There are 2 protein chains.
Amino acid sequence: MPTYLHKLLRMRLEGKEVVSTTELADYMNIELIVVRKDIMLTGVSGRRRVGYDINDLINHIMSFLGWEQTIRATLIGAGALGAALLGYDDFSRYGLLIESVFDCDSSKIGQEIRGHEIYDIATIRTRLKLARPDIAIICVPNLSAQLVADQVISLGIRYIWNFANVCLQVPENVIVQREVIAGGLAMLSVKMKYDRNQLADARALEAES
Amino acid sequence: MPTYLHKLLRMRLEGKEVVSTTELADYMNIELIVVRKDIMLTGVSGRRRVGYDINDLINHIMSFLGWEQTIRATLIGAGALGAALLGYDDFSRYGLLIESVFDCDSSKIGQEIRGHEIYDIATIRTRLKLARPDIAIICVPNLSAQLVADQVISLGIRYIWNFANVCLQVPENVIVQREVIAGGLAMLSVKMKYDRNQLADARALEAES
DNA sequence: GGCTAATAGATATTTTTTTCTCTTTTGGCA
DNA sequence: TGCCAAAAGAGAAAAAAATATCTATTAGCC
């Protein structure tokens, strides 16, 4: 969905007004029917022989994803990954607003990254008690992640986007979305292994004949 | 799979020798049966009433993922995200070796990040012609990504891990693994929307009665 | 020694997802 | 005006994934 959205936003900038599933499928190198099913999920309806109104589609996808109203977030851990997220411009378009950034490294506290001042993690309770964000983004080292999670949960935050490489243990009413960086690498390696095996098989067959 | 692996490596460090699916399922907060099916995919066999030998399982997962032999990579784009990947220690354990780093920003060229010297992207052809890496990791801005992809493909690289927010157009024999940063956010927002709706429904029902 | 419960392993069932096929609409073109 | 082809839309079939159920083994305990 985010990929469709990104593409559609760009197409709108280019002045286009309608788009067909064929066009999107070509761009994404996937089957036409997959795109159509995805689009149907959003509940939008198009015009036969023409396609979908781009604005319409954008609105429906935004609404489907719940990105119409701003999602207020706090980022915990301003290391390399945290900084990368702060630098990810598209978030603002997706309705994600990182309102505060915390770290425990005294050399970082008080500094600014991309216009965000970094606060001392020790002050998180007082700072977030009132302005409670919707989600917490955890970008701290693996060993601290559970501790940080416990803290934000105790502040009443119920949605966590976790970039640390651990499975957080949380109460039932808390939802964690875990990002496994190595997941993509795993996918690629498996495809790579498979692809190379196929190549080797093909060569062996050729040599035989 | 990477998550199992990570957990298992840590358990091995803690001196454990066997593990049961129950244990892994508890840790990951997923169904026992899912874990068992995943493990069966790797072809390992365990001992009833005991569990799996951790070393055995690690080896089988590594082999399943094709992580036994080192994957040699070049990283293109040393921005915040590229730097974050360079700082991701686990890659070395997963057999990923980032051999070279390229950027086009003259203020970065010649600098070092985490022990990796940053080379001028203009020199990529001469540098990679001989020591051809297995994969290219693309961390450049969206607008440059296709250009960079074309370049590495022309160098004979056939596997690409793409962190840019575009769908690369590549020849048939090239495999691209695309990482959609906002994908996790989309998942979380949808879960969040759903969760909040349920909560609201429950409250309405309560108020009624 | 025999019972019990924990665990792997195999098979069956259900559900979900993916894929295919057919239908309907309609803009463009001759 | 009427045909054609490109597109959405709906429904069916096939495939895959998730889940449940059953069986076999065996360590630990009484």
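Chemist: Teacher, can you tell me more about the side chain of R158(A) here?
Modeler: Within the secondary structure, R158(A) sits in the loop between helix 8 (142-154) and strand 8 (159-162). A polar side-chain atom of R158(A) sits 2.8 Å from a polar atom in the side chain of D195(B). When sequence neighbours within four positions are dropped, the list of residues in contact with R158(A) reads D134(A), N173(A), V174(A), I175(A), D195(B) and L199(B).

Chemist: Please clarify how the protein's contact with DNA strand C should be interpreted in this entry.
Modeler: Residues in contact with DNA strand C amount to 20 residues; listed here are only the nearest, I33(A), R47(A), R49(A), T21(B) and R36(B). In the interface set of DNA strand C, defined as its atoms within 4 Å of the protein, sugar plus phosphate atoms amount to 58%. T21(B) is positioned such that a nitrogen or oxygen atom in its side chain is 2.5 Å from a phosphate oxygen of DNA strand C. Here a sugar or linking oxygen of DNA strand C sits 3.0 Å away from a polar atom, N or O, in the side chain of R48(B). Of all elements in the fold, only helix 3 (32-42) of chain A together with helix 2 (21-28) and helix 3 (32-42) of chain B reach the threshold of two or more residues within the surface near DNA strand C. Across the surface near DNA strand C, the residue classes break down as five nonpolar, six polar and nine charged.

Chemist: Which parts of the structure should I look at to understand the pattern of salt bridges?
Modeler: Where charged atoms from two side chains of opposite charge come close, those side chains can pair. All names here are of chain A. Enumeration over the complete set of coordinates arrives at 14 salt bridges over all chains. With its nearest N and O atoms 4.0 Å apart, the salt bridge here joins D105 to K108. We classify D105 as partly exposed; its relative accessible area is 29%.

Chemist: I keep staring at the packing of aromatic side chains and nothing clicks. Help me out?
Modeler: Note on aromatic pairs: each is described by the distance of the centres and the angle between the planes. As enumerated under the stated definition, the model contains ten aromatic pairs over all chains in all. Between the aromatic rings of F91(B) and W161(B), the centroid separation amounts to 5.9 Å while the plane-to-plane angle is 70°, which identifies the pairing as edge-to-face. Placement of F91(B) in helix 6 (residues 90-93) and of W161(B) in strand 8 (residues 159-162) is noted, with a sequence separation of 70 residues between them. Like F91(B), the residue W161(B) is buried in the burial classification. Ring-pair connections join several aromatic residues into one group, and the members of that group are Y88(A), F91(A), W161(A) and F163(A). Against the face of Y119(A) rests R127(A), its NZ or CZ located 3.8 Å from the ring centre.

Quick notes on the rules
Residues numbered from 1 in each chain as written. Chains lettered and ligands numbered in written order. Predicted model: local features only at pLDDT ≥ 70, side-chain atom pairs only at ≥ 80, totals over all residues. Heavy atoms only, no water. Helix = DSSP H or I, 4+ residues; strand = E, 2+ residues; numbered from the N terminus. Polar contact = N/O pair within 3.5 Å; in protein donor to acceptor, adjacent residues only side chain to side chain. Contact = heavy atoms within 4.5 Å. Near = heavy atom within 4 Å. Nonpolar A, V, L, I, M, F, W, Y, C, P; charged D, E, K, R; others polar. Salt bridge = Lys/Arg side-chain N within 4 Å of Asp/Glu carboxyl O. Buried < 20%, exposed > 50% of the residue type's maximum accessible area, 1.4 Å probe, protein only. Phe/Tyr/Trp six-rings, centres within 6.5 Å; stacked < 30°, edge-to-face > 60°. Lys NZ or Arg CZ within 6 Å of the ring centre and 35° of its normal.

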